[in-house]
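For reference, the chains in residue letters:
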Amino acid sequence: MPALDVCVVGEINCDLILYGLPKALEPERETIAEGFRLTLGSSSAIFAHNLCALGTRTGMISKIGNDPLGQVAVTRLREGGVDVSAVRKSAKDTSTGVTIILAQTAQRYILTYPGTMAEFRYEDIDREYAFSARHLHLSSFYLQPALRPQVGRLFREAKESGLTTSLDTNDDPEGRWANDLLEVLPLVDIFLPNEREALAIAQCSELADAVQRLAGLSPIVAVKLGARGAIAREGENKWHCPGIDVGVVDPVGAGDSFDAGFIHKFLAGAGAEECLRFANVAGAFSTTRHGGTEAFRDPVAMKEFFHGQLDADR
Ligand SMILES: Nc1ncnc2c1ncn2[C@@H]1O[C@H](COP(=O)(O)OP(=O)(O)O)[C@@H](O)[C@H]1O
Ligand SMILES: [Mg+2]
């Protein structure tokens, strides 16, 4: 059993990104892109990869297909230092999920085939492995329909085993934001939505009201505000970190990198305010390169950026 700080439960897939497409996409015509990248995608995998790059010992539990894209994603995680010994292959014919991003100049189409992430279930989780870690994190609550009804059970067992927990739901593609999540949140120590998600989950039109409601369920709530930075709340304490002006190359994975920064500091014993400041730097750093993990694959740039930002803060 590897010594783990964090066990991440969630989906693994690749992102296929086509850059510089024309504004109008015509059916039945050959449309030429200016650039293409194949990179590690999916919220859970990007979080695991970047958390490991920050120096936290991280393992992942997931399900992939028996196909080359699954291998590419797992290899990328392994190269990043993530323990992938608990990643299982589907016994069925299901492919690994994939996200195809069609990037035009000012907007993007994001097309996802869920693949194995839709069939990943509680029974696929090696609980002995999961609960050997200090902390459990789950991403993409709404993209894992087979696991979703058992997330509460998983988090309850993690708490009973002495782990701390965190959750980033990400978007609900169906836009339903059903109440089942509200039963899980009291088992979540650190809840990490973005602004849109916080409003939808709390069913509020004002962010302050949403955070008030969510803070009554989870001890720490940190809400990501894109270029405007992020806020955090713990009980009656509130903090805000303004966005860092970095000249964004690609916002993909910024939220997952923020989460990684927050949990990295939390496990080092920092208070919520310090976690927020570090997370805000991690989110901004992610946007300086293409895809969700490219920035974190450059340890020299990472060290420089974090030192520069955190020293400037003092
Ligand atoms: N344009 C940006 N400039 C600076 N920082 C950013 C920018 N976009 C995102 N970030 C950082 O990354 C964090 C997460 O980004 P956000 O887009 O809000 O999350 P998500 O990807 O979950 O929607 C933000 O809270 C902020 O710290
Ligand atoms: Mg997000």
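Above this text you will find the structure in question.
These remarks concern the structure in this document. (Residues numbered from 1 in each chain as written. Chains lettered and ligands numbered in written order. Predicted model: local features only at pLDDT ≥ 70, side-chain atom pairs only at ≥ 80, totals over all residues. Heavy atoms only, no water.)

Below, the discussion takes up the packing of helix α6 (residues 195-202) against helix α7 (residues 207-215). One way to put it is that α6 packs onto α7 with a least axis distance of 9 Å and a crossing angle of 65°. For the element pair α6 / α7, the angle class is roughly perpendicular. Considering how the two elements wind past one another, α6 and α7 form a crossing that is left-handed. Contact residues: α6 offers Glu 195, Ala 198, Leu 199, Ile 201 and Ala 202, while α7 offers Leu 207, Ala 210, Arg 213 and Leu 214. Looking at side-chain class alone, the contact of α6 with α7 contains seven nonpolar, no polar and two charged residues. (Axes fitted to C-alpha atoms, helices over the stretch in contact; angles between N-to-C directions. Helix = DSSP H or I, 4+ residues; strand = E, 2+ residues; numbered from the N terminus. Parallel < 35°, antiparallel > 145°, perpendicular 65-115°, else oblique. Left-handed = near helix turned anticlockwise from the far one by under 90°. Contact = heavy atoms within 4.5 Å. Nonpolar A, V, L, I, M, F, W, Y, C, P; charged D, E, K, R; others polar.)

So, about the site of ligand 1. In the neighbourhood of ligand 1, 15 residues make up the surrounding shell, with Asn 194, Gly 226, Gly 229, Ile 244 and Asn 280 lying closest. For ligand 1, an oxygen atom lies 2.7 Å from a polar atom in the backbone of Gly 226. One of the backbone nitrogen or oxygen atoms of Gly 255 is found 3.1 Å away from an oxygen atom of ligand 1. Here ligand 1 occupies the largest pocket. Looking at the shell around ligand 1, the elements with two or more residues in it are α8 (254-267) and α9 (272-286). Of the residues assigned to the shell around ligand 1, the class counts are eight nonpolar, six polar and one charged. (Near = heavy atom within 4 Å. Polar contact = N/O pair within 3.5 Å; in protein donor to acceptor, adjacent residues only side chain to side chain. 1 Å grid on protein atoms, 1.4 Å probe; cavity = no way out; pocket = protein on both sides within 12 Å on 5 of 7 lines; lining within 4 Å. Sits in = over half its atoms within 2 Å of the grid points.)

Let us look at unusual backbone geometry. Backbone geometry places Ser 140, a non-glycine residue, at a positive phi of 65°. By the secondary structure assignment, Ser 140 is in the loop between β8 (135-139) and α4 (151-160). For Asn 170, which is not a glycine, the phi torsion comes out positive at approximately 60°. Position of Asn 170 among the secondary structure elements: in the loop between β9 (164-168) and α5 (180-184).

For the rest of this paragraph, the subject is the pairing of strand β7 (residues 108-113). In this sheet, β7 lies alongside strand β6 (residues 98-104) in antiparallel orientation, the contact comprising six bridges. If you follow Ala 103 over to β7, its bridge partner there is Arg 108. Connecting β6 to the next strand, β7, in antiparallel fashion are three residues. (Pairing = 2+ DSSP bridges.)

Examined against the element boundaries, Glu 195 turns out to sit in helix α6. Residue Glu 195 is classed as partly exposed on the basis of its relative accessible area of 22%. Separated by 35 residues in the primary sequence, Glu 195 and Ala 230 have C-alpha atoms spaced 8.8 Å apart. What Glu 195 contacts, discounting residues up to four positions off in sequence, is Leu 207, Val 223, Lys 224, Leu 225 and Arg 228. (Buried < 20%, exposed > 50% of the residue type's maximum accessible area, 1.4 Å probe, protein only.)

Summed over all chains, the structure comprises 18 salt bridges. Its salt-bridge partner being Lys 92, residue Glu 119 comes within 3.9 Å of it at the nearest N-O pair. Here Lys 92 lies in the loop between β5 (83-89) and β6 and Glu 119 lies in the loop between β7 and α3 (127-130), a separation of 27 residues in the sequence. Classification of Glu 119 as buried rests on a relative accessible area of 12%. We classify Lys 92 as exposed; its relative accessible area is 59%. For the salt bridge of Arg 289 with Asp 298, the shortest nitrogen-to-oxygen distance reads 3.0 Å. A residue is classified by how much of its surface remains accessible, and Arg 289, at 32% relative accessible area, is partly exposed. (Salt bridge = Lys/Arg side-chain N within 4 Å of Asp/Glu carboxyl O.)

As a further point, take the side chain of Glu 11. With respect to the helices, strands and loops of the structure, Glu 11 is situated in the loop between β1 (6-9) and β2 (13-21). Notably, Glu 11 is buried but unbridged: the nearest opposite-charge side chain belongs to Lys 224, and the N-O separation is 12 Å. Among the polar contacts made by the side chain of Glu 11, one reaches the side chain of Ser 140 at a distance of 2.9 Å. (Lys, Arg positive; Asp, Glu negative; His and termini not counted.)

Our focus in this paragraph is the sheet that holds strand β3 (residues 35-41). Within the open sheet, the four strands sit side by side as β3-β2-β6-β7. Their pairing is mixed. The sheet is open, and its two edges are formed by β3 and β7, each paired on a single side. Geometrically, the sheet is characterised by an average inter-axis angle of 15° between neighbouring strands, direction not taken into account. The sheet contacts of helix α2 (residues 68-79) involve β2, β3 and β6, and relative to β3 the element is tilted by about 70°.

Moving on, we come to the layout of surface pockets. Looking at the largest pocket, its volume works out to about 1300 Å³. Residue lining of the largest pocket: 47 residues in total, with Pro 251, Val 252, Gly 253, Ala 254 and Gly 255 positioned closest to the centre. Broken down by secondary-structure element, the contributors of at least two residues to the lining of the largest pocket are β2, α1 (43-53), β6, β7, α6, α8 and α9. Residue contributions to the lining of the largest pocket peak at four residues, all from α8. Each residue belonging to the lining of the largest pocket can be placed in one class, and the counts come to 18 nonpolar, 18 polar and 11 charged. (Points joined across faces, edges and corners; volume = space filled by probe spheres on them.)

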